[in-house]
Each structure stands twice: as structure tokens, then as C-alpha cells.
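Overview (structure and organization)
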Amino acid sequence: IEYTPPPSGTIVIVKNAIPDDAQDFTFTSNITGNAVFSLDDDADDTLSNTKTIVSVPVGTYAVIEAAVAGWTLTDLVCSDPDSGSSVNLGAGESTIDLDNGETVSCTYTNTKYGSITIAKETLPDGDPTDFSFNGDVEATLSDGESATRGNLSVWGEYSSTETVPEGWDLTDISCNDSDSDTPSGGNLETGVVRFGLDIGEDVICTFTNTKRGSITITKLADPNVGPFIFNLSGPDSYFNNTTFENGAFPNAVSSISFDNLIPGPYSIIENVPEGWNGQQSVNCNSGAPDNLTLLPGGNITCTFNNT
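Numbers given for residues are sequential positions, taken from 1 along each chain in its written order. Side-chain atom pairs in this predicted model are given and counted only at pLDDT of 80 or more, local residue features only at pLDDT of at least 70, and totals for whole chains, interfaces and linings cover all residues. Only hydrogens and water are set aside; all other atoms, that is, all heavy atoms of the structure, feed into the side-chain values.

**Looking at the packing of aromatic side chains**
- A pair of aromatic rings is counted whenever rings of Phe, Tyr or Trp (Trp by its six-membered ring) have centres within 6.5 Å, and the orientation is called stacked for planes under 30 degrees apart, edge-to-face for over 60 and tilted otherwise. Evaluation of the coordinates by the stated rule reveals nine aromatic pairs.
- Each ring, one from phenylalanine 133 and one from phenylalanine 207, has its centre 5.0 Å from the other, and the planes form 80 degrees; the classification is edge-to-face. Separated by 74 residues along the polypeptide, phenylalanine 133 in strand E11 (residues 131-135) and phenylalanine 207 in strand E17 (residues 202-211) bring together distant segments of the chain. The burial state of phenylalanine 133 is the same as that of phenylalanine 207; both residues are buried.
- Taken together through their ring pairs, the aromatic side chains of Tyr238, Phe239, Phe258 and Tyr266 make up a single cluster.
- Criterion for a charge above a ring: Lys NZ or Arg CZ within 6 Å of the ring centre, and within 35 degrees of the ring normal. The residue whose ring lies beneath lysine 15 is phenylalanine 25, and the NZ or CZ to ring-centre distance is 4.3 Å.
- Here the basic side chain of lysine 120 rests over the ring of phenylalanine 131, its NZ or CZ set 4.4 Å away from the ring centre. The way it works is that DSSP assigns letters per residue, a run of H or I at least four long becomes a helix, a run of E at least two long becomes a strand, and they are numbered from the N terminus. Each residue is placed in one exposure class: buried if its accessible area under a 1.4 Å probe, protein chains only, is under 20% of its type's maximum, exposed if it is over 50%, and partly exposed if it falls in between.

Right under this line is the structure:
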């Protein structure tokens with residue numbers, strides 16, 4: 001008596017990830033002995049991207065892929081010689097109509113979501129000032145904080161704009177986009193950064209803001225006569241190449257302050273009036289008066305004492 005095997009076929013499930021990734025995807029089915037199995041799509045042989053099931057009895061089978069956070073099922077196609085199988089992309093399910101001698105192959109294609117992140121840094125570090133962002137990332141951030149818009153399945157250009165508070169300058173925008181679709185540095189004048197988001201990318205752009213500082217000059221004169229003339233120079237046009245006389249110092253102990261100055265090197269030089277014994281003392285809290293360095297958010301005070 002010759003044995004005749006029961007009618008059967010082969011079912012093949014293929015995992016395609018865009019981009020290739022080590023993420024595992026779990027499947028459930030009503031195929032005997034294959035109720036649950038996993039596949040991934042990377043170069044590692046630890047887990048295959050293909051599940052081949054042979055000698056499956058003729059019948060109708062369902063194979064369902066479980067949803068994975070950060071991924072979306074973008075395509076599901078079954079290759080069936082008699083076109084008897086069907087798919088439901090939204091449910092991640094393929095319904096396989098297996099006939100005798102058939103091989104039915106179903107390919108599940110998942111595409112990785114992307115994300116865009118704004119990170120906030122300040123000079124000096126740790127400043128509590130809040131900075132507002134609007135656009136595709138909307139947030140209010142202070143130093144060391146960040147905001148992410150994730151699960152982006154639409155790839156292309158996104159943008160966000162920082163509103164710079166008074167007393168601050170936007171001094172750097174840097175992005176970690178490996179394929180350089182996001183312009184490194186953004187636009188410091190407008191505070192706008194444009195993200196060029198590709199499939200599966202997580203692009204982070206860091207905004208660095210530098211706080212302005214101040215310089216205060218105090219004049220001590222005995223007696224309070226003058227004129228006392230100072231020549232000022234530095235990177236801020238408000239301070240640079242300014243000369244003022246003792247009219248700025250109406251009292252025996254008097255001060256003048258220059259606020260909202262750009263950090264950098266500054267110089268204060270006093271022209272000692274004729275008939276004075278020169279500067280009895282000059283005291284600055286940040287170096288010599290002709291070689292000052294104003295730090296972000298800093299305050300320099302210099303006292304000139306003449307007799």
C-alpha cells in the first residue's frame with residue numbers, strides 16, 4: 001500500500017524594516033506549532049528576518065503582527081499563486097488561503113518613526129531664565145531642559161523658532177543630523193532651525209544663549225573737581241569708543257553703569273587731569289582696567305580714586 005501524504009503547502013513570513021534595525025517584531029498565528037514567533041531585520045544572525053513553515057495542512061490561516069512602539073506597518077503584501085490570500089494593513093493581519101503544493105509568502109514592512117528635539121543650553125550654566133519655542137516643537141525651556149516631538153511618520157522639513165529674551169543673545173545652534181539635511185547652525189539672526197527629517201531619524205538641535213553683562217565705573221575724587229575723562233572700548237557699540245567727563249560724576253562718590261553688554265574684552269582708561277598727583281588707586285573686580293574680560297552674565301566694577 002503506497003502512502004499518500006495529506007495535502008499541504010508552505011507558508012513564508014518575511015520581515016522588512018525601514019531602516020534595517022535590530023528591533024524584534026512578534027507574530028501570532030493559528031498555524032500548529034507556530035502560535036507565537038519573532039523576527040527582525042538586521043545583519044545579526046541571532047534572529048532571522050524570515051520564518052518558513054513547511055508541511056502546513058491545506059486550509060485558511062491568520063498571521064498577525066503585534067504593534068511596536070516607534071514603528072508603523074506601512075506595507076503588507078502576500079504572494080499567492082492563485083491570489084486567494086488577503087491582507088488587512090490596519091490590523092497587521094494576513095489571511096492565507098493555502099492550497100495543496102502552494103507556497104504563500106507574506107512580507108510585513110515596518111517603517112521607523114522619527115523625532116525632533118530642541119535642547120536648551122545657557123552661558124552661564126544653570127541660569128533659570130525661560131526660553132520660548134514655537135513651530136513644530138512648542139515648549140518653554142530653561143538651561144539643561146529639552147522637548148521632543150516624536151512618533152513622526154511624515155518625513156521632510158520641520159521647523160522651530162526661539163524667542164530670545166531681553167538681555168540675551170542666541171550664539172549657537174548645533175544639530176546632530178548625520179546626513180546633514182538639517183543645516184548645522186540654523187539661523188542665529190531669526191532664531192529659526194529647520195529639521196530635515198529622514199526615515200527613522202532622531203534629530204536633536206541645541207540652542208545656546210549667552211547672557212549679557214554690565215560694567216560699573218565708580219569715581220572717588222578729593223576734591224570733587226575735574227574734568228575726569230575716561231576712554232572706553234569693547235565689543236559692544238554701546239560702550240565702544242565712548243568718552244565722558246566729570247558731568248557723569250556729580251558727587252564726590254558717584255557711579256555710572258553700562259548694562260546689557262555683550263561679553264568679551266573691554267578697556268577703561270582714565271586721562272588724569274593736569275594738576276593731580278595721578279591715580280591714587282584703581283580697583284577692578286576682574287583684572288586691570290585696560291584688560292578686562294566680561295563673562296556671560298557677569299558684572300565688572302572698577303573704582304578710580306584720585307587726589
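**Some details on the sheet that holds strand E8 (residues 93-98)**
- Two strands pair if DSSP finds at least two bridges between them. The strand order across the open sheet built from five strands is E3-E2-E5-E8-E7, with neighbouring strands paired in antiparallel fashion. A strand with exactly one partner marks an edge of an open sheet, and here the two such strands are strand E3 (36-41) and strand E7 (86-88). Ignoring which end each strand starts from, the neighbouring axes of this sheet average 25 degrees apart.
- Of the strand pairs in this sheet, strand E2 (residues 21-29) and strand E5 (residues 59-65) are connected by three bridges, and their pairing is antiparallel. Between the N-to-C directions of two axes lies an angle of 0 to 180 degrees, each axis being a line fitted to C-alpha atoms and, for a helix, fitted only over the stretch in contact.

**Some remarks on the pairing of E17**
- In terms of residue burial, E17 counts as a mostly covered element, since seven of its ten residues are buried.
- Pairing between strand E10 (residues 114-123) and E17: nine bridges, direction parallel. Note that in E17 the partner of leucine 123 across the bridge is threonine 210.
- Bridge analysis of strand E15 (residues 168-175) against E17 gives seven bridges, and the strand direction is antiparallel. Each residue of the ladder has a partner; that of serine 174, found in E17, is threonine 206.

**Some points on the side chain of asparagine 34**
- Structurally, asparagine 34 can be placed in the loop between E2 and E3.
- Reaching out from asparagine 34, the side chain makes a polar contact with the backbone oxygen of threonine 32 at a distance of 3.2 Å.
- If we ignore the near neighbours within four places in the chain, the residues touching asparagine 34 are Ser29, Lys51 and Ile53. A 3.5 Å cut-off defines polar contacts: any pair of N or O atoms within that distance qualifies, except that in protein one atom must be a possible hydrogen donor and the other a possible acceptor, and neighbouring residues in sequence count only when both atoms are side-chain atoms. Contacts were defined at the residue level, with two residues in contact if any of their heavy atoms lie within 4.5 Å.

**Examining the pattern of salt bridges**
- Put simply, a salt bridge is a Lys or Arg side-chain nitrogen that is within 4 Å of an Asp or Glu carboxyl oxygen. This structure, assessed with the given rule, holds nine salt bridges.
- The salt bridge involving lysine 15 is made with glutamate 65; its shortest N-O contact spans 2.6 Å. Residue lysine 15 is located in strand E1 (residues 8-18), and its partner glutamate 65 is located in strand E5; the two are separated by 50 residues in the primary sequence.
- On the basis of relative accessibility, which here comes to 1%, the residue lysine 15 falls in the buried class.
- For aspartate 136, the salt bridge is made with arginine 149, and the minimal N-O distance between the two is 3.5 Å. Residue aspartate 136 is found in the loop between E11 and strand E12 (139-141), and its partner arginine 149 is found in strand E13 (residues 146-152); the two are separated by 13 residues along the sequence.
- Here arginine 149 falls in the partly exposed class, since its relative accessible area comes to 35%.
- Linked through salt bridges whose partners overlap, the residues forming this network are Asp169, Arg212 and Asp236.

**Observations concerning the state of the cysteines**
- Note that a disulfide, as used here, is simply two cysteine sulfur atoms within 2.5 Å. Applying the stated criterion across every chain yields a total of three disulfides.
- Each sulfur of the disulfide joining cysteine 175 and cysteine 205 lies 2.1 Å from the other. Between cysteine 175 and cysteine 205, the disulfide has an S-S torsion of 110 degrees and is therefore right-handed. Taken together, the residues cysteine 175 in strand E15 and cysteine 205 in strand E17 connect sequence positions 30 residues apart. Taken as a pair, cysteine 175 and cysteine 205 share a single burial class, namely buried.
- Here the bonded cysteines of the protein chain are numbered in sequence order, and their pairing is 1-2, 3-4, 5-6.

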